[in-house]
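A look at the structure
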Amino acid sequence: MADTDILETQTAAASSVAGIDQSVGDFKYDVKYDFDAGTGLSERTIRYISDVKKEAPWIREFRLNALKTFLAKPLPTHWATRDLENLNFDKIRYYLSQGTKPKRTWDEVPADIKKTFERLGIPEQERKFLAGVEAQFDSEAAYSNIKEVVSKQGVIFVNSSEALRTHPEIFRKWFGKVIPTGDNKFSALNSAVFSGGSFIYVPPGVKVAHPLQAYFRINAENFGQFERTLIIVDEGSELTYMEGCTAPKFSTSTLHSAVVELVALKGAKIQYITVQNWAPNVYNLVTKRGLAHEEAEIKWIDCNIGSRLTMKYPGVVLKGRKSRGEVLSIALANDGQHQDTGAKMVHAADETTSSIVAKSISVGQGRSTYRGLVHIPRRLKGCKNNTECDALLINTNSRTDTYPAITVRGQQHAVQHEASVSKVSEEMIFYMQSRGLTEAQAMSLAVNGFVNDLVRQFPMEYSVELKRLIDLEMESSVG
Amino acid sequence: MSQLVIQDLHVSIGDKPVVKSVSLTIKQGEVHAVMGPNGTGKSTLAKAIAGHPDYTITQGDVLLDGRSLLAMEPDERARAGLFLAFQYPSEIPGVSIANFIRAALQARLGESAELDATGYYKKLYEKMDLLKIDRKFTSRSVNDGFSGGEKKRCEILQLAMLDPKFALMDETDSGLDIDALRVVADGVNKLRTGQLGILLITHYQRLLNYIVPDFVHVMHEGHIVRSGDKSLALELEAKGYAWLKKELVHA
């Protein structure tokens, strides 16, 4: 196997000298890739990926059509930041792997990759509280396992290629249906080059007691990670899914562009939790949407920390009567970062309910933007939406924008929108410092207090993790 | 014995000198009251000692047990044993009093040691019982939506928990009705165990009926113009600050 010496990036080394672990994910091991689609994007890239994965012809066609859509669509800079123009699609590597078959035990995972996940604490978390884990390293899952009790219930938890090969009868029906290829430029890109991600099916009447987790790790420079996730929870079933993401800090930019589709059938409940901690060079452009059937419930918990630019608006299409959609979103934009996040709620049936609570924190030059879309058409009755977006500013240079778009037609709906902007004042920091807390500890406490009412709704392990990430971000912002 | 020594202290806000040559020594266990009309530099003195960034010390020194505080950040001063009870304490939404005090104590231990949670809550409940504070109080967010009296009680609870060597109490009586004032004063008196030195800043004599000082200093236009025992406060009460101003003009 390849050289397993650890390659700390310069920043990590410098900060550990200062006694501050700025970013837990900021390390990399040198890995030799057996499969490499090279640099740049063309039909050849697509054919290479499809060949490595030995895909069915319909998937290859799907990819090639998506490439055309991607190339035809302009960047959305008429509403989004022009920083997107700094992405150079010709300099990105679209597929890197050591093979397409994930290992079922950690012992079989190649040492260099295993070390990465051990350092991130994944095997330990799996033992403690998870029903199953998939650990993706660049383009493919290196490890994937589901606890026997869960698989015996009929739950399927595999990566995208395997799912489409072994269970097309379940997954093909919904694949690309919640988020069509042409939804936006980046969903088209993902549809062309997708690799890895989780495909999950929970049969009717099964309540999965513990969460399933996926961990997405970018290790290579100039790389694009394009995982594809499709979760189908059948009638009356329940699932909690959690994802975490990290990457080392490179001088060049990295692209992460995922598509996540959720389908909650009648009376099903899905809770999808993301805690990302991307390095500050990552463009994180992700499309996430769920389809809620009658009396189903979809809840997105979305915590965005790190990255250079995140654009992500998890949505729920409330297709069935009495279905419910919820987004809890936390975004922290530190110096040089832009968190452009929000939520979409499309009401398409009577008596549907949606709720959005978004909290953003802007530090220093950091910029946060909230975009919300709530759509209730005229023909419906008895729909409800509650939107709350709160922004916290730390230091005077930070910027926050709110773009709520709420379209409500008809008379029989209840809609509520609240927004607030508050500041961590110098006086508040001084107050806390006068109790013995350092400036960084004081800021961290203020931020944790600001998000506290949301974090209390998270599973314990994730709220602890989030608090730790906020502490680290505040340490680095004080310097 | 611990002492806090203020030596020829000059403090400016922007370009404006506010405190002009104040010298004062507070020993462990002593209560010093600083009185004076509004705008005379009393609060500025307290905040400058605590290290507020808006106040510039242009001359002089402040020594805690012989060690100068001036080069220290406000949090280092606090960890060295100084406590400022605020006239207007800040609100910290979402952070419970229990978690706030715990974080402040943890900050004194550094990263290597973890505060013992059981011991912490035991001490917290002891102090709350001592100060007659309801158990539910500490699960509320720090000062968030508190009445004037609750804010001051929260300050006194922090003072009790953080065990400083010296407490600077800035207008602790402001905004309190007589009942709240009595409760807060009772709390301070319970903490007067001979270990704690207190600099008590007040505009009104009435607080000194409840917290009886060992020394009284009168500040006027940035200077301490009179020092004496508690009878000075009574004299001031009887004759008013106008009397003092007249005396100073004639002096």
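Owing to the predicted nature of the structure, the values given are computational and were not obtained by experimental measurement. (Residues numbered from 1 in each chain as written. Chains lettered and ligands numbered in written order. Predicted model: local features only at pLDDT ≥ 70, side-chain atom pairs only at ≥ 80, totals over all residues. Heavy atoms only, no water.)

**So, the overall build of chain B**
Of regular secondary structure, chain B possesses eight helices and 12 strands. Expected size for 251 residues packed as a compact globule is a radius of gyration near 18 Å; at 18 Å, chain B falls within 12% of this value. Projecting the C-alpha coordinates of chain B onto the three principal axes gives extents of approximately 60 × 40 × 35 Å. Within chain B, buried positions represent 53% of all 251 residues. A fraction of 69% describes how many contacts in chain B between residues 6 or more apart in sequence connect residues 24 or more apart. By element, 49% of the accessible surface of chain B is carried by carbon and sulfur atoms, the whole surface being about 11200 Å². A distance of 4 Å separates the average location of the 30 positive side-chain charges in chain B from that of its 32 negative side-chain charges. (Helix = DSSP H or I, 4+ residues; strand = E, 2+ residues; numbered from the N terminus. Rg over C-alpha atoms; globule rule 2.2 N^0.38 Å. Buried < 20%, exposed > 50% of the residue type's maximum accessible area, 1.4 Å probe, protein only. Contact = heavy atoms within 4.5 Å. Areas by Shrake-Rupley, 256 points an atom, 1.4 Å probe, with all protein chains shown as cover. Lys, Arg positive; Asp, Glu negative; His and termini not counted. Charge placed at Lys NZ, Arg CZ, Asp CG, Glu CD.)

**Some details on the sheet that holds strand β26 (residues 414-424) of chain A**
All names here are of chain A. Strand order in the open sheet made by the 10 strands is β6-β5-β9-β12-β15-β17-β20-β22-β24-β26, with mixed pairing throughout. Both edges of this open sheet fall to β6 (140-146) and β26, since each of them pairs with a single strand only. Strand-to-strand twist across the sheet, computed as the mean angle between neighbouring axes with direction ignored, equals 5 degrees. Here helix α11 (residues 439-455) sits on the sheet and contacts β20 (324-333), β22 (353-363), β24 (384-394) and β26; the angle it forms with β22, its principal contact strand, is near 175 degrees. Running over the sheet, helix α12 (residues 460-478) touches β9 (212-217), β12 (238-246), β15 (269-278), β17 (297-306), β20, β22 and β24 and is turned about 25 degrees from β15. (Pairing = 2+ DSSP bridges. Axes fitted to C-alpha atoms, helices over the stretch in contact; angles between N-to-C directions.)

**Here we look at the interface of chain A and chain B**
With 17 residues of chain A at the interface, the matching set in chain B holds 33 residues. Regarding the contact of chain A and chain B, the summed buried area is about 2000 Å², with carbon and sulfur atoms giving 61% of it. Broken down residue by residue, the surface that chain A buries against chain B is led by A:F430, A:Y431 and A:R435, which jointly contribute 39%. Run the count over chain A and chain B and you get one salt bridge. Between A:R435 and B:E155 there is a salt bridge whose closest N-O contact spans 2.6 Å. At the junction of chain A and chain B, the tally comes to 11 residue pairs in polar contact (both at pLDDT 80 or more). Residue assignment for the side of chain A that touches chain B shows that the elements contributing at least two residues are α10 (426-433) and α11 of chain A. For the side of chain A that touches chain B, the element with the highest residue contribution is α10(A), accounting for seven residues. Residue composition of the side of chain A that touches chain B, by class: seven nonpolar, seven polar and three charged. (Buried area = accessible area lost by both parts, 1.4 Å probe. Salt bridge = Lys/Arg side-chain N within 4 Å of Asp/Glu carboxyl O. Polar contact = N/O pair within 3.5 Å; in protein donor to acceptor, adjacent residues only side chain to side chain. Nonpolar A, V, L, I, M, F, W, Y, C, P; charged D, E, K, R; others polar.)

**Describing a nonpolar patch on the surface**
Residue and element names in this part refer to chain A. A contiguous nonpolar surface patch, about 190 Å² in accessible area, is contributed by I406, V408 and V415. Mapped onto the secondary structure, I406 falls in strand β25 (residues 399-408). Assessed through its relative accessible area of 34%, I406 is described here as partly exposed. (Patch = residues over 30% accessible without salt bridge, like charges linked within 9 Å, V, L, I, M, F, W, Y side chains within 5 Å.)

**Side note on the sheet that holds strand β10 (residues 197-202) of chain B**
Residue and element names in this part refer to chain B. Pairing is mixed across the open sheet formed by six strands, whose spatial order is β6-β9-β10-β3-β11-β12. Of all strands in the sheet, those with a lone pairing partner are β6 (82-85) and β12 (223-228), marking the two edges. Averaged over neighbouring strand pairs, the angle between their axes works out to 20 degrees when direction is ignored. Taken together, the five bridges between strand β3 (residues 31-35) and β10 define a ladder with parallel strand orientation. Its bridge partner lying in β10, H32 is registered against L199. Across the sheet, helix α5 (residues 148-162) is in contact with β6 and β9 (166-170); its angle to β6 comes to roughly 170 degrees.

**Quick notes on the packing of helix α2 (residues 43-52) of chain A against helix α3 (residues 57-72) of chain A**
All names here are of chain A. It is at 10 Å that the axes of α2 and α3 come closest, and there the two elements cross at 155 degrees. Our classification of the angle between α2 and α3 gives roughly antiparallel. Relative to α3, α2 is oriented so that their crossing is right-handed. Between α2 and α3, the residues in contact are E43, I46, R47, I49, S50 and D51 and R60, R63, L64 and L67, respectively. Its residues assigned to classes, the contact of α2 with α3 shows four nonpolar, one polar and five charged. (Parallel < 35°, antiparallel > 145°, perpendicular 65-115°, else oblique. Left-handed = near helix turned anticlockwise from the far one by under 90°.)

**Describing the environment of B:S112**
Residue and element names in this part refer to chain B. Position of S112 relative to the elements: it lies in the loop between α3 (97-109) and α4 (117-130). By relative accessible area, S112 is classed as exposed at 76%. Residues S112 and Q7, spaced 105 residues apart in sequence, show a C-alpha to C-alpha distance of 36 Å.

**Observations regarding the side chain of A:T254**
Residue and element names in this part refer to chain A. Tracing the sequence through the fold places T254 in strand β13 (residues 254-256). Here the side chain of T254 touches N281 through a polar contact of 3.1 Å, side chain to side chain. If we ignore the near neighbours within four places in the chain, the residues touching T254 are I218, F223, N281, V282 and Y283.

**Let's talk about α5(B)**
All names here are of chain B. When the terminal C-alpha atoms of α5 are compared, their 21 Å separation across 15 residues agrees well with the 21 Å that a helix rising 1.5 Å per residue should span. Of all 15 residues in α5, 12 are buried, a share of seventy percent or more. All of the buried residues in α5 are G149, K151, K152, C154, E155, I156, L157, Q158, L159, A160, M161 and L162. Downstream of α5 by a residue or two, D163 has a phi angle that is positive, lying close to 50 degrees. (Expected span 1.5 Å × (residues − 1).)

**Some details on α12(A)**
Its 19 residues give α12(A) an end-to-end C-alpha distance of 28 Å, which sits within 8% of 27 Å, the value for a rise of 1.5 Å per residue. Buried within α12(A) we find A:Y462, A:S463, A:L466, A:L469, A:I470, A:L472, A:E473 and A:M474.

**Here we look at the packing of α3(B) against α4(B)**
All names here are of chain B. Close contact between α3 and α4 brings their axes to 11 Å; oriented N to C, the two are set at 120 degrees. Of the possible angle classes, the one that applies to α3 and α4 is oblique. Note on packing geometry: the crossing formed by α3 with α4 is right-handed. Each of I97, A98, I101, R102 and L105 in α3 lies in contact with α4, whose residues at this interface are A117, Y120, Y121 and L124. Broken down by class, the residue content of the contact of α3 with α4 amounts to eight nonpolar, no polar and one charged.

**Digging into the side chain of A:Q213**
Residue and element names in this part refer to chain A. Here Q213 shows up in strand β9. Residue Q213 is classed as buried on the basis of its relative accessible area, which comes to 1%. Sequence-distant contacts of Q213, that is, excluding residues within four places in its chain, are made with I122, Q125, L130, G132, V133, E134, F157, M242 and Y462.

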